[in-house]
Every structure is written in structure tokens, then in C-alpha cells.
Amino acid sequence: MTELNAMETIVQDIIAALKDKPGALLPILHAVQDKLGYVPSESVPAIAKALNLSRAEVHGVISFYHYFRDTAPGKQTIHLCRAESCQAMGGKKLEVHVKSTLGIDYHETTADGKFSLEPVYCLGNCACSPAMQIGHEIYGRVSADNFESIITQAEDIA
Amino acid sequence: MSITIYVPCDSTAVSIGADRVAKAIYQEAQKRNITIQLIRNGSRGLYWLEPMVEVLTAEGRKAYGPVQVSDVTSLFDANFVNGGEHPLYLGLTEEIEYLKKQQRLTFARIGITDPISLEDYISHEGYQGLSNALKLSQADIVKAVTDSGLRGRGGAAFPTGIKWNTVLNTPSEQKYIICNADEGDSGTFSDRMVMESDPFVLIEGMTIAGIAVGATQGYIYLRVEYPHAHKALNAAIEKAYASGYLGDNIQGSGKTFNLEVRLGAGAYVCGEETSLMESLEGKRGLVRFKPPLPAISGLFGKPTVVNNVISLASVPIILDKGGDYYRDFGMGRSRGTLPLQLAGNLKHTGLVEVAFGMTLRELLYDFGGGSATGRPIKAVQVGGPLGSYLPESQFDTPLDYEAFAANWTVLGHGGVVAFDDTANMAELARYNMEFCAAESCGKCTPCRIGSTRGYEVMDEIIAGHALDKNIPLLRDLCNTLLNGSLCALGGMTPYPVLSALNHFPKDFGVDDQANTAV
Ligand SMILES: Cc1cc2nc3c(=O)[nH]c(=O)nc-3n(C[C@H](O)[C@H](O)[C@H](O)COP(=O)(O)O)c2cc1C
Ligand code: SF4
Ligand code: FES
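Everything quoted here is computed from the prediction, not taken from an experiment. (Residues numbered from 1 in each chain as written. Chains lettered and ligands numbered in written order. Predicted model: local features only at pLDDT ≥ 70, side-chain atom pairs only at ≥ 80, totals over all residues. Heavy atoms only, no water.)

1. So, the overall build of chain A
- Helix and strand counts for chain A come out as seven helices and five strands.
- Reading the helices (α) and strands (β) of chain A from amino to carboxyl end gives α-α-α-α-β-α-α-β-β-β-β-α.
- Dimensions along the principal axes, computed over C-alpha positions, put chain A at roughly 50 × 35 × 25 Å.
- A burial count over chain A gives 51% of its 158 residues as buried.
- The contacts of chain A with a sequence gap of at least 6 include a subset with a gap of at least 24, amounting to 58%.
- Total accessible area on chain A stands at roughly 7400 Å², and carbon and sulfur atoms take up 51% of it.
- Within chain A, the 19 negative side-chain charges are centred at a point lying 3 Å from the centre of the 13 positive side-chain charges. (Helix = DSSP H or I, 4+ residues; strand = E, 2+ residues; numbered from the N terminus. Buried < 20%, exposed > 50% of the residue type's maximum accessible area, 1.4 Å probe, protein only. Contact = heavy atoms within 4.5 Å. Areas by Shrake-Rupley, 256 points an atom, 1.4 Å probe, with all protein chains shown as cover. Lys, Arg positive; Asp, Glu negative; His and termini not counted. Charge placed at Lys NZ, Arg CZ, Asp CG, Glu CD.)

So this is what it looks like as C-alpha cells:
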């Protein structure tokens, strides 16, 4: 099976399982992104058709929500918190460090494809700011000192 | 006696090593041939002491913290499994001042029980509220909530009973209960704690709401940033179905209530209730015009209760102990308790549930212990990214909706973020404008365009350019936002921005108070 075919099968299975839910579009987009890491633009026509929407409407929804992405992410996505509580605990300095360590800005992926970097506005981890999330793991009291060791461990988990 | 040890599974505790500590304790016990029962409880919310390990002793639960993996051997050497002395020993958990001084009503079980054990929930007074509600008429359930004086904890502080009454009295084949679990405000985590540490209390609250207003379907709209809460909620919902606490014939009453978790996708504005409903319907989260009120025409055009997690999680104790019991806490028109969240630059960050009425200063110093860095606290943002910054001169404001409103400040969802004197308030004001621009749903021009103009002007101000023109321009923009926005994202971004300017003009390069006053 070609990659495109495999993708289409995955998307069709997800659509079949979820399309009858009221307000099915977000659950479908989540399921696609969970499985594929992003919502490929090639999947939009099938989703639109199943839900009786125009492609533009589906694209509009994908682009409205920060979480959905239409390009493949790196192997791991680092969500770094930019919000106030983390700022109060040195978040801005950490942000500079993270960007220079990875050599990328927000919404970019490292050249080796290992990490993507995304901003996030609060992880509810404000009692141990600054915070970040990699995959489903949340890290508190992140600093320029421990950032490298955290991402090295995260690489091992992946 | 068998040995019971508790290590929290709360995501903040885990973010600083609780899983590793749990594993180390388990392995060390095996190595020493000590049989232990390891329970992953929720967090008590004393986060500066996390990972906080507890052991059950004849006198009660004893606490040790903050525990790192490297402490585990010495804890065993000190016989901590039987409550032995150790440098990390904190005494009986319930006697820790921070906890002892609180009035935990909504958080009564949190940190005590195993979050997804229904047996634990029931043996700690769980489902007594529902049991009472099933004996009452719908109107009497609503009356109990009205009598309690409970006001929405999501931010707007609208009386919950009045909202429920509208939905009850709007006839419809189908009605909905929505739990707003979008918790987007920086500095807040009380919703997260409830969902991770006591998910059944939210399920019970929503079930009571459904029965009260005649809604058979509930949705929890959960932010995608909370994967741990997602897992806990789904596990608890599954157990509630299996034991007849959700589904078609709840505890043999003939009443139906179904519940499903839906994930958001990283849009702050989707915490606004009408944007949330658009999102649940599968659309972009554009804010709707009101009227119609969601209580009359909400999700899919049907009468809908939208309540915050804490509002709904406070319902079981109200139905259990009575509206009067809850109302007897608090001051003025702020009744009951508020779970405050101490965050940012504070020594003792954590969850503090107290009756309304304590001053912000008491909260910051008696509970918070002052700044984490040891420097003076310069400003405190209360109520999330749309809340004002309070300078030291306002620290004596009592925690009460009306007292805060009188200062042009808001209590909101109870988030408290402290900044020390290294914070630059102009930089923060710029951030607030940038946040508004990034999160605007785009429906109104002042919010969409004005916020972008706002941070451009802030860049000019920070660079010290033409302050005599740019400061009035910033004020103009704020006035436009205040008056021309459909929802509070645009409408309240001026709160942090103008409070920063008015209280900390020096950070904006202006000295003269007279020039900056509103
Ligand atoms: C921009 C914006 C974001 C909001 N975010 C939340 C939120 O994350 N959680 C919440 O409960 N309420 C939030 N609200 C308030 C809701 O619109 C609504 O008032 C609330 O969910 C009602 O529940 P309550 O009465 O129990 O507070 C937000 C409002 C605005 C304008
Ligand atoms: S104020 Fe902003 S977020 Fe609110 S409705 Fe208008 S454009 Fe949307
Ligand atoms: S502000 Fe960063 S986790 Fe809340």
C-alpha cells in the first residue's frame, strides 16, 4: 500500500467511527492528528464530504484552532508555556535558551526532525512554573540548567 | 498492620518527579522485603512540598516532602513506613498549617482518596448529594442551589441557581449540561485538580444538574492541554456507567443522564460559553451575540446550562449538607468558599480553598509565604489574563466579588499570580495585548485590529518613542476595546494593560501621575 493509501484508510476508518456524533468535526480532527501527528490537507476532502461541509469550512476550522496543524511535526513536539505565571518565574529567559539550544523559533522543526517547538498559554502547572509539555508528559520548574537533560530523556522515550 | 503509602498522581506532582518517586519507593520496598500498598492519591495542593509522600499510621496520615528519588533510601532507613523521624518529615498531614487553616468544601476529598476509585469516593461521602437530589422535585433541587448563594466560578460570578431555573422553565425535548473545563487562565489549576484528583465529584454535580433541569446529555469541554485530566475523567465516567451512576436508569430512579468528554484545541476564546458551544458543534469558535441566552437557546439551539468545573463540583456538597450550610461561609454577596490558586513568584504555591472575605495580603503572605525569590512582591495579577494587576497599595482588598469590582479588579476564577520587583509592567502590558491579538476570535474590529495596534504601540512605548503621543494613543485603544467588544477577551484586556500603566507609570517611562490618570 502506498503512504497516501495508508493515510486514506486511516482517515476513512476514523470518519466511519465518529461521523455520527453530534458536532463530529473536532473529534475527527483530533483522532486524525492523534494518529498521524497532523491533519494532512489530503484528508480534508473526505472529512468535508462525510460531514456535508465545504472544504473551505473544514480548512477554516483547522486554521482557527492553534492545536491543529497541517504539516508533519518533528518526532516530538515541545509545548513551551509563555503565560504570566511562567513569565513570573523566568519563563522569558528560558524561552531564549530553548530557542537557541534547538536552533529554531516557534512553529518550526529542528533540521534533524527530532523536535518541533510550539508556544502554549498555560498548562495548569503554574504552581511549578516555568512549565512545558512534551507529548503527554508535563515538566515543571524547567530551567536553562535542566532543559537539555529533559529533552535527552524525552528522546529516549520516543 | 499492613503498610499504606500515598504518592500523588496529580500532573503537577508528576511534573516534578512523583512517578519516579513512586517507582523508587516500590522498588526499595521490594528490595527490603517490606510489603506495601502504594496508592496514587490526588494532590493536597501543597505544591511546594510535592512530591509529598504520605504514610498511614495509627495516629493518621503522616507526610514527608518534598521527596526526591535520592531521598528514598534514607526514608526507608528512617523507618518512614511507620512514621519515623526524617529531615523531610512534615508531621500529620491534617495538621500542616497551610491545610489546617483552609475551609475545604469543594476540595473536601482532594488528595485524600484514590481519584478513580468509586469505592473510595462513596466511602468519603460521595454520591450523598445525588441521593438527596433523587428524593427532591426538580424545582427543589434548583432552590437548594439558589439558596446556597453559589455564583459561577468561571469568572462572571452569575448566580448558578438563576441560570438553572431558566433552563428548567424553558420547555424542550432536549436540553444539555455543559461543563466548561477550558480553564485557560494563566495561574489557574483548580479545575484541573478537581478533574484529576476527584473526577467523580464533577460527574455527580453534572448528574444533579441534569436531573434538576431535565437534561439527559452532558458534555465536558476539556482543554487539550490537560491529558491527565482527560484520562482520569474517562476512567471515572466508565466506572460511573458500570455502577449505574450514569446512563439510563440512574440508581433505579428512572432518570437518564449521559456524559461525554470533548476536547478543545488550544483556543483561549473557546472558554467563552458561546464560543465553546460553536466549538462543540464542530465549528470555528466565533463568539455568538446574546441574546438569545444559552439557557434558552444554547447548544444545537437547545436550552443549555453552561457551568464551570468548580461551580458544578460544588453542587454535591450543597445537596448533601444543604444550601444554608454552604451559604453560611463567605461575606456580602459572595457566599461559600473560593478555591484560590497561588502561582507565579510565591514561596508556597498551591491550592487554598477558603471562605470569601480574607484579604489578598493574608493570602500572599500567610499562605503564600511571600515571593519565591525573596524579593519584594511588586504586583499581583488576579483573575487570569483579563484581570488587573494589583499593586501593594491594594493588597488589603478582601477576596469578595464586589470589593474587587470596586477597585476595577476581578477575582475571576481565583488565579493569583505574583511578580517580584524584577518584573517590567510595560513588558507585561505588551504581552497582554499580544495575547489578545493571538486569541481574538476575529468577530469585532476593535479586538482584532486594536489589540495588534496595541502591542505595536507598546513596542513604541517600551522603546521610549514619542511617549506624549503614544501613551494617550494606548488609552484610546483601551477605551475602544472596553466599549466596542462583544466579549470579555477584547472588553477586558484593558484591565491588565491600564492597571499596569496607572499603577506603574515609571515602567512606561512616565513619572507624572497626573498625566497618566484615567
Ligand atoms: C475569553 C473568555 C474566556 C473564558 N474562559 C473560561 C474558562 O476557561 N472556563 C470557564 O469556566 N469560564 C470561562 N469563561 C466564562 C464563560 O463564558 C462562562 O461565563 C462560564 O463558563 C459560566 O459558568 P459559571 O457560571 O459556572 O462560571 C470565559 C469567558 C471569556 C469571555
Ligand atoms: S471581543 Fe474579541 S474575542 Fe470577543 S467576540 Fe469580539 S473579536 Fe471575538
Ligand atoms: S502559566 Fe505556565 S503553566 Fe500556567
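Now that the structure has been shown, we can carry on.
2. Things to note about the site of ligand 2
- In the vicinity of ligand 2 lie 13 residues, with C441, K443, C444, C447 and C487 of chain B positioned nearest.
- Grouping the amino acids of the shell around ligand 2 by side-chain chemistry returns eight nonpolar, four polar and one charged. (Near = heavy atom within 4 Å. Nonpolar A, V, L, I, M, F, W, Y, C, P; charged D, E, K, R; others polar.)

3. Re the site of ligand 1
All names here are of chain B.
- In the vicinity of ligand 1 lie 18 residues, with G154, N180, N307, N308 and S311 positioned nearest.
- The contact in question runs from an oxygen atom of ligand 1 to an N or O atom on the backbone of E273, over 3.0 Å.
- Within the contact set of ligand 1, an oxygen atom lies 2.6 Å away from a side-chain nitrogen or oxygen of S311.
- Of all elements in the fold, only β9 (304-308) and α21 (488-492) reach the threshold of two or more residues within the shell around ligand 1.
- Sort the elements by how many residues they give to the shell around ligand 1 and β9 lands first, with three residues. (Polar contact = N/O pair within 3.5 Å; in protein donor to acceptor, adjacent residues only side chain to side chain.)

4. Structural notes on the interface of chain B and chain A
- Taken together, the contact pairs 60 residues of chain B with 37 residues of chain A.
- Summed over both sides, the interface of chain B with chain A buries roughly 3700 Å², with 57% coming from carbon and sulfur.
- It is S15, A265 and Y431 of chain B in chain B that bury the most area against chain A; as a group they hold 15% of the surface buried on that side.
- The interface formed by chain B and chain A holds three salt bridges in total.
- Across the pair E427 of chain B and K92 of chain A runs a salt bridge, and its minimum N-O distance is 3.6 Å.
- Linking chain B with chain A are 23 residue pairs in polar contact (both at pLDDT 80 or more). (Buried area = accessible area lost by both parts, 1.4 Å probe. Salt bridge = Lys/Arg side-chain N within 4 Å of Asp/Glu carboxyl O.)

5. A look at unusual backbone geometry
Residue and element names in this part refer to chain B.
- For the bond from G65 to P66, the omega torsion is -10°, close enough to zero to count as cis.
- Note the cis peptide between K290 and P291, where omega equals -5°.
- By the secondary structure assignment, P291 is in the loop between α12 (273-280) and β9.
- Notably, F300 is not glycine yet its phi reads approximately 50°, a positive angle.
- Tracing the backbone through its elements, the reader meets F300 in the loop between α12 and β9.

6. Section: the pairing of strand β12 (residues 337-344) of chain B
Residue and element names in this part refer to chain B.
- Counting buried residues in β12 gives eight out of eight residues, a clear majority hidden from the surface.
- In this sheet, strand β13 (residues 350-355) lies alongside β12 in antiparallel orientation, the contact comprising six bridges. Paired with T337 across the bridge in β13 is A355.
- Hairpin connection of β12 to β13: five residues between the antiparallel strands.
- Across four bridges, β12 lies against strand β16 (residues 415-420) in parallel orientation. The residue of β16 that forms the bridge with G344 is A418. (Pairing = 2+ DSSP bridges.)

7. Focus: the sheet that holds strand β6 (residues 176-181) of chain B
Residue and element names in this part refer to chain B.
- Strands sit in the order β8-β7-β6-β9 across an open sheet of four strands; the sheet is parallel. Of all strands in the sheet, those with a lone pairing partner are β8 (258-263) and β9, marking the two edges. The mean angle between the axes of side-by-side strands here comes to 20°, regardless of whether they run parallel or antiparallel.
- Of the strand pairs in this sheet, β6 and β9 are connected by five bridges, and their pairing is parallel. Among the inter-strand pairings, I178 is bridged to a residue of β9, identified as V306. (Axes fitted to C-alpha atoms, helices over the stretch in contact; angles between N-to-C directions.)

8. Section: the side chain of S11 of chain B
- The residue S11 of chain B is located in helix α1 (residues 11-15) in this model.
- Using a relative accessible area of 2% as the deciding quantity, one classes S11 of chain B as buried.
- Setting aside its immediate chain neighbours within four residues, S11 of chain B contacts N125 and I138 of chain A together with R192, E196 and H228 of chain B.

9. Focus on the packing of aromatic side chains
- Taken as a whole and judged by the stated rule, the model has 22 aromatic pairs over all chains.
- Chaining the aromatic ring pairs together yields one cluster made of F64, Y65, Y67 and F68 of chain A.
- The ring of F367 of chain B carries K101 of chain B above its face, with NZ or CZ at 4.6 Å from the centroid. (Phe/Tyr/Trp six-rings, centres within 6.5 Å; stacked < 30°, edge-to-face > 60°. Lys NZ or Arg CZ within 6 Å of the ring centre and 35° of its normal.)

10. Let's talk about the sheet that holds strand β3 (residues 115-120) of chain A
Residues and elements named next belong to chain A.
- If you walk across this open sheet you meet the five strands as β2-β3-β1-β4-β5, and the pairing is mixed. Two strands bound the open sheet, and with one partner strand each, they are β2 (108-109) and β5 (137-139).
- Across two bridges, β2 lies against β3 in antiparallel orientation. For E108, the partnering residue across the bridge sits in β3 and is L117.

11. A closer look at the pairing of β6 of chain B
Residues and elements named next belong to chain B.
- Counting buried positions along β6 yields six of six residues, so the element is predominantly enclosed.
- Every second residue of β6 is oriented toward a common face, with Y176, I178 and N180 on one face and I177, C179 and A181 on the other, all of them buried.
- Pairing between β6 and strand β7 (residues 217-222): six bridges, direction parallel. Within β7, the residue paired with A181 across the bridge is L222.

12. Here we look at the pattern of salt bridges
- Applying the stated criterion across every chain yields a total of 38 salt bridges over all chains.
- Across the salt bridge formed by E402 of chain B and R151 of chain B, the nearest N and O atoms sit 3.1 Å from each other. Here the residue E402 of chain B occupies a position in helix α17 (residues 401-406), and R151 of chain B occupies one in the loop between α7 (138-148) and α8 (160-168), the gap between them amounting to 251 residues.
- One salt bridge in this structure joins D507 of chain B and K378 of chain B, with 2.7 Å as the shortest N-O distance. With D507 of chain B in the loop between α22 (494-503) and α23 (513-516) and K378 of chain B in strand β14 (residues 377-382), the pair connects residues that are 129 residues apart, well separated along the chain.
- Through salt bridges with shared partners, a single ionic network connects R82 and E95 of chain A together with R430, E434 and D459 of chain B.

13. A word on the nonpolar core
- Core analysis: the largest hydrophobic core is formed by 147 residues, its most contacted members being I47 and Y65 of chain A together with W164, L202, I220 and F508 of chain B.
- Ranked by the residues each element gives to this core, the list is headed by helix α10 (residues 199-213) of chain B, at ten residues.
- Residues within four places of Y65 of chain A in sequence aside, it is in contact with L26 of chain A together with Y221, A265, A267, C270, S279, K283, R284 and G285 of chain B. (Core = buried A, V, L, I, M, F, W, Y, C linked by side-chain atoms within 4.5 Å.)

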